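Given next are the chains, with one letter for each unit.
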Amino acid sequence: MKYTVFLGEYIHPDARKYLEENANVVSTMDDSEKIDAIVLRTFKVDKEVMDKCPNLKVIGKHGVGVNTIDLEEAKKRGIVVLNTPRANSNSVAELIVGLMLNIARNITAAHEKTQTGAFKKIAPAEMTGMELTGKTLGLIGTGNIARRVGEICEKGFGMKVIGYDPFVSRENMEKMGYEKYDTVPELIRNADVINVSVPLTKDTENLISGDVFDCFRPGAILVNAARGGIVNEDDLYEALKAHKLRAAACDAFVQEPPTKENTKLYELDNFIGTPHIGACAEEALWRMGDEVTHEVINVLNGAEAKHRVA
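Nothing here was measured: the structure is a model prediction, and the numbers come from that model.

1. So, the layout of surface pockets
Then step 1. As a volume, the second largest pocket reaches approximately 740 Å³.
Then step 2. Looking at the second largest pocket, it is lined by 29 residues, and the ones nearest its centre are Ala109, Leu268, Asp269, Asn270 and Phe271.
Then step 3. Contributing elements (two or more residues each) for the lining of the second largest pocket: α4 (89-104), α5 (107-115), α9 (233-241) and β12 (271-273).
Then step 4. Counting residues per element, the lining of the second largest pocket draws most heavily on α5, which supplies five residues.
Then step 5. Among the residues making up the lining of the second largest pocket, the classes are represented as 13 nonpolar, eight polar and eight charged.

2. What about the sheet that holds strand β1 (residues 3-7)?
Then step 1. Ordered by their spatial adjacency, five strands build an open sheet running β2-β1-β3-β4-β5, and the pairing between neighbours is parallel. Only two strands of the sheet have a single partner each, and these edge strands are β2 (23-26) and β5 (80-82). Each strand axis lies, on average, 20° off the axis of its neighbour in the sheet, ignoring direction.
Then step 2. Across three bridges, the pairing between strand β4 (residues 58-61) and β5 is parallel. For Val58, the partnering residue across the bridge sits in β5 and is Val80.
Then step 3. In the packing of helix α1 (residues 13-22) onto the sheet, the strands contacted are β1, β2 and β3 (37-40), and the crossing angle to β2 comes to about 120°.

3. Some thoughts on unusual backbone geometry
Then step 1. Here the bond from Glu256 into Pro257 is cis, since omega is 0°, no more than 30 degrees from zero.
Then step 2. Its location among the elements puts Pro257 in the loop between β11 (247-250) and β12.
Then step 3. For Asn206, which is not a glycine, the phi torsion comes out positive at approximately 60°.
Then step 4. Its place among the elements puts Asn206 in the loop between β9 (193-196) and β10 (221-224).
Then step 5. Unusually for a residue other than glycine, His243 sits at a positive phi of about 55°.
Then step 6. Among the structural elements, His243 can be located in the loop between α9 and β11.
Then step 7. Residue class for His243 comes out exposed when judged on its relative accessible area of 55%.

About the thresholds
- Residue positions are given per chain, counting from 1 as you read along its sequence in written order.
- Since the coordinates come from a predicted model, pLDDT governs what is reported: local features require at least 70, and pairs of side-chain atoms require 80 or more to be given and counted, while whole-chain, interface and lining totals use all residues.
- Side-chain numbers here rest on the full set of heavy atoms in the structure, without hydrogens or water.
- Site definitions follow a grid-based scheme: protein atoms alone, a 1 Å grid, a 1.4 Å probe that fits but cannot get out for cavities, and for pockets an open set with protein on both sides within 12 Å along at least five of seven lines, plus lining residues having an atom within 4 Å of a point.
- Grid points are joined across faces, edges and corners, and a volume is the space filled by probe spheres set on the points.
- Under the scheme used here, helices are H or I runs from DSSP no shorter than 4 residues and strands are E runs no shorter than 2 residues, and both carry numbers assigned from the N terminus.
- The classification used treats Ala, Val, Leu, Ile, Met, Phe, Trp, Tyr, Cys and Pro as nonpolar, Asp, Glu, Lys and Arg as charged, and all other residues, Gly among them, as polar.
- Whether two strands pair depends on DSSP finding at least two bridges between them.
- A fitted line through C-alpha atoms represents every axis, and for helices the fit uses only the stretch in contact; the resulting angles, taken between N-to-C directions, go from 0 to 180 degrees.
- We call two residues contacting when some pair of their heavy atoms lies within 4.5 Å.
- Relative accessible area decides the class of each residue, using a 1.4 Å probe on protein chains only: under 20% of the type maximum gives buried, over 50% gives exposed, and in between gives partly exposed.

On their own, these measurements won't tell you what the molecule is for.
In structure tokens form, the structure reads like this:
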């Protein structure tokens with residue numbers, strides 16, 4: 001029996017080839033009653049989609065975040081939801097560190113101003129940056145991506161790493177080599193560079209907002225490459241404008257892709273934003289595609305999911 005798998009988004013060609021060799025791959029919902037599985041990146045799978053697909057057995061997320069999937073509805077219907085939690089960790093972590101370096105050394109700003117002929121001499125004083133070496137990195141969330149960021153920063157720049165994660169005990173945090181903080185404001189007060197790596201949930205929405213921005217050191221850097229909505233964008237805008245922190249970089253936004261029209265953060269000189277490219281590395285795309293397609297086919301054939309979310 002050949003299963004029918006809905007795939008409406010780009011995945012690595014090798015992964016698509018494997019899927020096509022083992023299933024009937026469709027890119028529309030025209031014959032939705034025949035669909036056995038859905039492989040998605042950003043596609044939304046809600047109750048309405050599940051109603052259209054009465055034969056749906058598996059939902060495979062190409063990546064980590066499952067905020068576009070109605071997990072409770074999937075559980076009710078006995079639909080297996082799985083993801084690839086480690087496949088993109090390194091690529092996202094490398095982008096995060098790249099964003100840290102970018103805003104610490106004003107790389108994008110220097111590039112843009114050089115193009116316009118703004119500098120009349122080399123090493124202009126207004127482009128003076130800061131070193132990461134010896135600074136304190138604060139991790140909000142200590143999952144796979146965050147730990148890889150911590151490893152790069154600790155080993156590469158000699159940074160001290162501290163962490164906030166309500167799901168990790170103080171003992172386990174110490175085993176990671178991090179000093180644990182019990183609240184987000186407390187961690188922010190003690191960090192020079194803050195990285196956000198948590199999923200978007202009811203508990204993490206607007207996690208960094210309002211008065212929390214009063215806790216940042218004036219020279220601090222904030223990076224969010226997790227999900228839009230964890231950092232309140234309006235409050236971040238006001239905080240950056242008031243120089244409550246040095247600068248910020250985001251790879252995730254409430255409205256995506258981000259533009260100057262839907263994200264006023266782009267008006268600021270101390271902000272840079274990228275269009276959710278954390279996992280867009282050839283190696284990560286191959287790993288995610290390979291893992292999700294093999295897992296979906298395996299589960300359809302009766303195996304247990306290695307990384308089941310619901």
